[in-house]
Amino acid sequence: MSYRLDAVVGEFDRLRSWAEGVPGAVVAPLRQRKGLLPLSTALIGDLPRMLCDLSLSGPVVHVHADFWGGEGDQTAALWRAGVLQWGPVHTSEFSGPREDWPINAALARLGVTPAGPDAPDYRDLFMEVGLGQGRDEEDWRRAALQARDAADYDEWHASEQAKREAEERAAAERAVSERLPGIPVPLNGKEIIALLGLPQSRTIGAAIRHLQQLHIDCGPQSRQEAEAALRAWAAEPGLPPATVRRVDTTSPRPRRPASADRHRGQ
């Protein structure tokens, strides 16, 4: 698997403001208010002057990495106040501490902060800021286009947070109705439908999951205990009104006259 990166990383809003006046330049959002400007062939042709201009209003780093099948190299340099302040530092040996690798070292000088103490060892600054999200220039351009409607970093971040929360809620809702493997219940789906008068829907899965959770929390349930628990569960607020429908099973549905059935078939 390949990975190629040739880009400028800096504060997102500042990079994007600069890119608005440059044909073909786009900026993809990263974490910690950072952005990534992928370097096209046209931009690379005037890279020193561009880095000088960009760094006049704040520090930026030029990062380059090229890997294939786990082997490769990376280079990084930090520009500040119009001058090259650190680097370029290059390596193709990655046996030393991760914080000493060129891109991690440059990101630290840019102000990227590490993950918490419980983060896995591979969660270095490269991963923390989000440089692992794309694998080539096209990936970064696609990410930039997806964020183009956001007015600034805060608006993009709020939108992404809302998407994540919606996905988490959807996953939690799916989990409620997914049957746990290997945990028995005293009633099957058809028996639950008959007991509660529910239509065939995901609510049946939620009922089975509820019985399974009772089994986990309280031990095996008898059929009578399970029926009482399900009646109490169904009476609680929160079940989707569109999927829960009480059916009156105490009286038969009136039969349609045979003449009416014949009329409908004509």
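Residues numbered from 1 in each chain as written. Predicted model: local features only at pLDDT ≥ 70, side-chain atom pairs only at ≥ 80, totals over all residues. Heavy atoms only, no water.

Trainee: Quick rundown of the packing of helix H8 (residues 189–196) against helix H10 (residues 223–235)? Include the residues and the values.
Mentor: Packed helix pairs are characterised by how far apart their axes lie and by the angle those axes make with each other. H10 packs onto H8 with a crossing angle of 55 degrees between their chain directions and a minimal axis gap of 11 Å. Between H8 and H10, the angle falls in the class oblique. Here H8 runs over H10; the crossing is right-handed. Listed contacts from H10 to Glu 191, Ile 192, Leu 195 and Leu 196 of H8 are Arg 223, Glu 227, Leu 230, Arg 231, Trp 233 and Ala 234. Class assignment for the residues of the contact of H8 with H10 results in six nonpolar, no polar and four charged. (Axes fitted to C-alpha atoms, helices over the stretch in contact; angles between N-to-C directions. Helix = DSSP H or I, 4+ residues; strand = E, 2+ residues; numbered from the N terminus. Parallel < 35°, antiparallel > 145°, perpendicular 65-115°, else oblique. Left-handed = near helix turned anticlockwise from the far one by under 90°. Contact = heavy atoms within 4.5 Å. Nonpolar A, V, L, I, M, F, W, Y, C, P; charged D, E, K, R; others polar.)

Trainee: Can you lay out the packing of H8 against helix H9 (residues 202–218) for me, pointing to particular residues and giving the numbers?
Mentor: The interhelical angle for the contact between H8 and H9, taken along N-to-C directions, is 100 degrees, at an axis separation of 10 Å. Overall, the two elements H8 and H9 adopt an arrangement that is roughly perpendicular. Of the residues in H9, those touching H8 at Gly 189, Ile 192 and Ile 193 are Ile 204, Ala 207, Ile 208 and Leu 211. Here the contact of H8 with H9 is built from residues that sort into six nonpolar, one polar and no charged.

Trainee: Break down the confidence of the model for the protein for me, citing the residues and quoting the values.
Mentor: Put simply, the protein has an average pLDDT of 85, and 86% of its residues get 70 or more. Contacts from residues 240–266, a stretch scored under 50 in pLDDT, to residues over four places away or in other chains number 16 contacts. (pLDDT = per-residue confidence, 0-100.)

Trainee: Give me the lowdown on unusual backbone geometry, citing residues and values where you can.
Mentor: The residue after Gly 87, namely Pro 88, is reached through a cis peptide bond having omega 0 degrees. Looking at the element boundaries, Pro 88 is found in strand S6 (residues 83–91). Notably, Arg 33 is not glycine yet its phi reads approximately 65 degrees, a positive angle. Of note, Arg 33 is situated in the loop between strand S2 (28–29) and strand S3 (34–38). A residue is classified by how much of its surface remains accessible, and Arg 33, at 37% relative accessible area, is partly exposed. At Ala 81, a residue that is not glycine, the phi angle is positive and equals roughly 55 degrees. Inspection of the secondary structure assignment puts Ala 81 in the loop between strand S5 (71–80) and S6. (Buried < 20%, exposed > 50% of the residue type's maximum accessible area, 1.4 Å probe, protein only.)

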